[in-house]
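Here is how the chains run, residue by residue.
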Amino acid sequence: MLEVKNLTKIYTGRRNAVTALQDVSLRVKAGEFAVVQGPSGSGKTTLLLTVGGLLAPTSGSVSIQGQNPYALSPERRARFCGSAMGFVFQQFHLVPYLNVERNILVPSIAIPSNQARKRAQALMDHFHLSERAHHVPSELSTGERQRVALARALLNTPKILLADEPTGNLDAENAEIVLNYLVEFADNGGTVLLVTHDAHSTRYAGKAICLHAGHIVSE
Ligand SMILES: Nc1ncnc2c1ncn2[C@@H]1O[C@H](COP(=O)(O)OP(=O)(O)OP(=O)(O)O)[C@@H](O)[C@H]1O
Ligand SMILES: [Mg+2]
């Protein structure tokens, strides 16, 4: 379902080059919930962006449902990755002037169909957001914003879910709701790749991978 081989990512900026990932290989099958755990700066977000088709690797290969997203034109890559994968960003990336419902509907583009609205309503119910449907992000708690970001990633019912610290700002009860949802998603045949610094999430995972300074140190 999702495979990366010998992935290396070197950021070359105006200052020093930073090797964020070095020779990372991993594979997550359909129905599998994988957690990559590592300290701050170990390359977790870099790995997720690379897998998600948002950041080209320096070398190595990425395969999503057998397709290398970087072999596609930027437009086709965006369409392919947008339908195959849902992405929960570490910093939410919610649209500040859209309310909760509209933020969740963003992946359905301009005019939401009835089906997308129904799906958005179901997700708001599931993540306890229905009473905040008409609030904009600045009127939400951090945990509520995190749940909106997760609901948005699930709108198009992707087969693969990539999540960057999806429980980082949640209390125990809400973290449990999110992690149980991810377990259920994988149990229903979905593929989950979650990255976190928090060892707690690995208890929910079928597969745990430790990342340290851009290297996989154990699996
Ligand atoms: N655009 C960039 N340019 C240069 N270096 C970068 C860039 N983005 C990240 N880095 C560096 O790459 C390394 C890995 O960063 P990354 O964001 O992937 O870590 P992380 O594991 O997600 O950390 P955190 O837990 O703090 O979110 C870090 O040393 C970081 O400073
Ligand atoms: Mg990160």
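Residues numbered from 1 in each chain as written. Chains lettered and ligands numbered in written order. Predicted model: local features only at pLDDT ≥ 70, side-chain atom pairs only at ≥ 80, totals over all residues. Heavy atoms only, no water.

Caption draft 1: Seen up close, helix α6 (residues 172-187). If you check α6, its first and last C-alpha atoms are 22 Å apart, about what 16 residues at 1.5 Å a residue would give, namely 22 Å. Every buried residue belonging to α6 is among Asn 174, Ala 175, Ile 177, Val 178, Leu 179, Tyr 181, Leu 182, Phe 185 and Ala 186, and all of these are buried. Looking at the packing, one finds that the buried side of α6 touches β3 (33-37), α4 (114-126), α5 (142-154), β6 (160-164) and β7 (191-196). Of the residues flanking the end of α6, it is Gly 189, one or two places downstream, whose phi is positive at about 100 degrees. (Helix = DSSP H or I, 4+ residues; strand = E, 2+ residues; numbered from the N terminus. Expected span 1.5 Å × (residues − 1). Buried < 20%, exposed > 50% of the residue type's maximum accessible area, 1.4 Å probe, protein only. Contact = heavy atoms within 4.5 Å.)

Caption draft 2: Spotlight on the coordination of the magnesium ion (ligand 2). Coordination of the magnesium ion (ligand 2) by the protein comes from Thr 45 (OG1) and Gln 90 (OE1), over a distance range of 2.0 to 2.4 Å. Note that Thr 45 is positioned in helix α1 (residues 44-51) and Gln 90 in the loop between β5 (85-88) and α3 (100-105), a separation of 45 residues in sequence. Classification of Thr 45 by relative accessible area gives partly exposed; the value is 29%. According to the relative accessible area criterion, Gln 90 is partly exposed, its value standing at 37%. (Donors = N, O, S within 2.8 Å, 3.2 Å for Na, K, Ca; no water.)

Caption draft 3: Seen up close, the site of ligand 1. Around ligand 1 sit Tyr 11, Val 18, Ala 20, Pro 39, Ser 40, Gly 41, Ser 42, Gly 43, Lys 44, Thr 45, Thr 46 and Gln 90, and those are all the residues in its vicinity. Ser 42 has a polar backbone atom sitting 3.2 Å from an oxygen atom of ligand 1. At 2.9 Å, a side-chain N or O of Thr 45 approaches an oxygen atom of ligand 1. Among the secondary structure elements, those contributing two or more residues to the shell around ligand 1 are β2 (17-28) and α1. For the shell around ligand 1, the leading source of residues is α1, giving three residues. When its residues are assigned to classes, the shell around ligand 1 shows four nonpolar, seven polar and one charged. (Near = heavy atom within 4 Å. Polar contact = N/O pair within 3.5 Å; in protein donor to acceptor, adjacent residues only side chain to side chain. Nonpolar A, V, L, I, M, F, W, Y, C, P; charged D, E, K, R; others polar.)

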